[in-house]
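Coordinate analysis (summary)
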Amino acid sequence: MVMCFLVAVGLLGPWLVRGAVGLLGVLLRAAGASASLAADNARAGSRRLASATVPIVMVTAFCGTLVFLQSSLQHSAAEQVRAGLTADRVVAAAPGAPGLPSDAVRRAAQLPGVDAAVGLLPTGLVVQSSGALSSATAQAVDGDPAALAKVLDPGVTSGSLAELGRSADTVALDSFLAESLHAKVGQRAAFWLGDGTRVEPTVVAVYSRGLGLGEALLPKAAVAAHTDAPYPARLLVAEAPGADGAATARALSALSPSGLPVTDRQGFAAQADRERELNGWANNVMAAVLAGFAALTAANTLVMTVLDRRREIALLRLAGGTRRQVRSMLRWEALLIAAIGLTAGGAIAWATLSPLTRALTSAAPHVPLGIALSLGAAAALLCLAATAVPGRALLRARPTTAI
């Protein structure tokens with residue numbers, strides 16, 4: 001979709017530049033002689049300016065799509081975790097351990113001050129949708145399924161989580177995954193477990209917070225024999241009314257002789273945010289690589305565009321233009337290129353992201369202001385630097401020699 005938009009911008013570039021200059025020309029002419037000259041040059045050389053604008057559009061569109069897709073998914077997942085986690089305490093496995101002790105859930109449920117305790121074992125599924133295979137995140141539930149609603153609120157839209165675990169042949173699905181599998185409550189959904197075993201459990205519930213809490217919830221009995229670490233990684237605990245939170249936390253930590261990390265829901269949400277940021281490094285590296293190649297293309301195009309104007313700049317000097325006025329004109333043209341490129345690239349990124357994020361998160365794209373301003377400033381600095389350096393080189397030559 002981004003490539004199609006970029007081809008359109010490349011073909012319609014001269015008209016796009018003329019339209020933008022027509023809108024910005026009034027402001028440029030009010031900014032002085034150099035800005036007015038930059039507007040006239042841009043209108044006359046719209047084809048030349050378009051060739052310099054397309055790389056800036058490419059930088060903005062590619063980087064904006066990759067970076068802001070990641071930020072949108074992370075923002076939505078963080079909101080779902082904070083809204084869906086209702087447990088008072090979260091116990092995590094010790095660093096380096098394969099999981100919590102096998103009887104941790106049973107022992108935690110018997111502690112004084114504990115109302116409910118449910119273990120979660122993270123796992124993965126492979127699903128087939130529209131003929132393509134893809135992965136899905138899942139959580140295996142260890143403990144009484146009736147207690148799950150006391151520690152977790154995945155936003156059930158149909159069915160009941162209480163039915164989960166009454167049989168190993170059951171599953172609860174995120175609404176997006178359920179739609180892609182064409183499965184509703186009471187029907188069977190086909191997918192593969194982590195070791196490649198194909199199963200077709202009955203869907204007992206559909207929920208809406210799968211991005212933050214996992215796209216599928218299964219009973220532990222369904223996956224224990226199909227994973228290399230059949231122990232829960234986290235224990236969600238709901239405290240009884242009037243319980244001493246500090247005493248409960250100490251008792252939960254003592255479930256292992258070496259002690260277990262215990263936190264509250266705010267601490268767990270913060271830790272989940274950090275994990276998502278670490279997991280998004282590959283996307284950030286890809287965006288940086290694409291941005292680097294696109295920036296080199298943009299800089300090379302801008303430099304060659306300025307160097308190709310040797311005669312034009314020499315004529316401006318002979319007509320009475322000072323070096324300062326010519327440099328100012330080039331700066332205004334660079335800012336005009338940056339403005340057009342950022343606007344068109346931002347529109348492409350938004351048009352690409354908007355339907356995608358609404359389908360995945362039911363929300364508009366989340367654009368952090370700091371990242372957006374940094375991207376805009378980098379594009380503007382690139383345009384200014386790629387025009388200032390060759391411009392100064394041309395101004396050092398004698399006008400008559402250049403002619």
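The shown structure was predicted, so the numbers you read here are calculated from the model rather than taken from an experiment. (Residues numbered from 1 in each chain as written. Predicted model: local features only at pLDDT ≥ 70, side-chain atom pairs only at ≥ 80, totals over all residues. Heavy atoms only, no water.)

1. What to know about unusual backbone geometry
For His182, which is not glycine, the phi torsion reads 55° and is therefore positive. Position of His182 relative to the elements: it lies in the loop between helix 7 (175–180) and strand 6 (191–192). When its relative accessible area of 69% is taken as the criterion, His182 is described as exposed. Positive phi, normally seen in glycine, also occurs at Ser362, with a value near 60°. (Helix = DSSP H or I, 4+ residues; strand = E, 2+ residues; numbered from the N terminus. Buried < 20%, exposed > 50% of the residue type's maximum accessible area, 1.4 Å probe, protein only.)

2. Thoughts on the pattern of salt bridges
Applying the stated rule across the entire model yields nine salt bridges. Measuring nitrogen to oxygen at the nearest pair gives 3.5 Å for the salt bridge that ties Asp142 to Lys220. Highlighted residues: Asp142 in strand 3 (residues 132–142) and Lys220 in helix 9 (residues 220–223), separated in sequence by 78 residues. Taken individually, Asp142 and Lys220 each receive the classification buried, so the pair is uniform in this respect. One salt bridge connects Asp153 with Arg209, and the closest N-O pair in it is separated by 3.2 Å. Linking Asp153 in the loop between helix 6 (148–151) and strand 4 (156–159) with Arg209 in the loop between strand 8 (202–207) and helix 8 (210–213), this pair joins segments that are 56 residues apart in sequence. Taken together, the shared-partner salt bridges in this structure form one network comprising Asp103, Arg106 and Arg107. (Salt bridge = Lys/Arg side-chain N within 4 Å of Asp/Glu carboxyl O.)

3. Overview of the state of the cysteines
For the structure on display, the rule yields zero disulfides. Cysteine Cys4 shares no disulfide, and the gap to the nearest cysteine sulfur, in Cys63, comes to 19 Å. For Cys4, a relative accessible area of 59% corresponds to the exposed category. Cysteine Cys383 is unpaired, with the sulfur of Cys63 as its nearest cysteine sulfur at 14 Å. (Disulfide = S-S within 2.5 Å.)

4. Focus on a nonpolar patch on the surface
The grouping of Trp281, Val285, Val289, Phe293 and Leu296 at the surface amounts to a nonpolar patch, some 570 Å² of accessible area in total. Here Val285 lies in helix 12 (residues 281–307). (Patch = residues over 30% accessible without salt bridge, like charges linked within 9 Å, V, L, I, M, F, W, Y side chains within 5 Å. Areas by Shrake-Rupley, 256 points an atom, 1.4 Å probe, with all protein chains shown as cover.)

5. Digging into the nonpolar core
The biggest cluster of nonpolar side chains holds 24 residues, and the ones touching the most others in it are Leu85, Val141, Leu148, Val151, Leu152, Leu217 and Leu236. Going through the elements one at a time, strand 2 (114–129), helix 6, strand 8, strand 10 (234–239) and helix 11 (265–279) are the ones with two or more residues in this core. Residues within four places of Leu85 in sequence aside, it is in contact with Val90, Val151, Leu152, Leu236, Arg265 and Phe268. In this structure, Val127, Val171, Leu177 and Val203 belong to the second largest nonpolar core, which totals 21 residues. (Core = buried A, V, L, I, M, F, W, Y, C linked by side-chain atoms within 4.5 Å. Contact = heavy atoms within 4.5 Å.)

6. So, the packing of helix 3 (residues 33–44) against helix 14 (residues 323–361)
Their axes nearest at 8 Å, the elements helix 3 and helix 14 cross at an angle of 55°. In this view, helix 3 runs oblique relative to helix 14, as classed from their interaxial angle. In terms of crossing hand, the pair formed by helix 3 and helix 14 is right-handed. Residue-level inspection shows Ser34, Ala35, Leu37, Ala38, Asn41 and Ala42 of helix 3 in contact with helix 14, the latter providing Gln325, Ser328, Met329, Trp332, Glu333 and Leu336. For the contact of helix 3 with helix 14, a count of residues per class yields seven nonpolar, four polar and one charged. (Axes fitted to C-alpha atoms, helices over the stretch in contact; angles between N-to-C directions. Parallel < 35°, antiparallel > 145°, perpendicular 65-115°, else oblique. Left-handed = near helix turned anticlockwise from the far one by under 90°. Nonpolar A, V, L, I, M, F, W, Y, C, P; charged D, E, K, R; others polar.)

7. Observations concerning the UniProt feature "transmembrane region" (unreviewed entry) in the protein chain
The feature "transmembrane region" (unreviewed entry), as given by UniProt, occupies residues 285–307, 332–351 and 371–389 in the numbering adopted here. Taken end to end, residues 285–307 is 100% helix and 0% strand, and its two terminal C-alpha atoms sit 33 Å from one another. Taken end to end, residues 371–389 comprises 100% helix and 0% strand; its first and last C-alpha atoms sit 27 Å apart. (UniProt positions renumbered as here; feature names shortened; annotations may be inferred.)

8. Examining helix 14
Side chains that are three or four residues apart share a direction in an α-helix, a result of its 3.6 residues per turn. In this model helix 14 runs 54 Å from its N-terminal to its C-terminal C-alpha over 39 residues, within 8% of the 57 Å that 1.5 Å per residue would give. Immediately downstream of helix 14, the backbone of Ser362 shows phi near 60°, a positive value. (Expected span 1.5 Å × (residues − 1).)

9. With respect to the pairing of strand 8
Taking burial as the measure, the six residues of strand 8 include five buried ones, the bulk of the element. As paired strands, strand 4 and strand 8 are joined by three bridges and run antiparallel to one another. Residue pairing across strands places Val156 opposite Tyr207, the latter belonging to strand 8. Note that strand 5 (residues 170–174) and strand 8 share five bridges and pair parallel. Following the sheet pairing, Ala172 is matched in strand 8 by Ala205. (Pairing = 2+ DSSP bridges.)

10. Some words on the confidence of the model for the protein chain
Chain-level statistics for the protein chain give a pLDDT mean of 84 and a share of 96% at 70 or above. In the model of the protein chain, helix 16 (residues 399–402) stands out as the element of lowest mean pLDDT, 58, in contrast to strand 8, which has the highest, 94. (pLDDT = per-residue confidence, 0-100.)

11. Details of the packing of aromatic side chains
Inspection of every chain in the model, using the stated rule, returns zero aromatic pairs. Sitting over the ring of Trp192, Arg198 keeps its end group 5.1 Å from the ring centre. (Phe/Tyr/Trp six-rings, centres within 6.5 Å; stacked < 30°, edge-to-face > 60°. Lys NZ or Arg CZ within 6 Å of the ring centre and 35° of its normal.)

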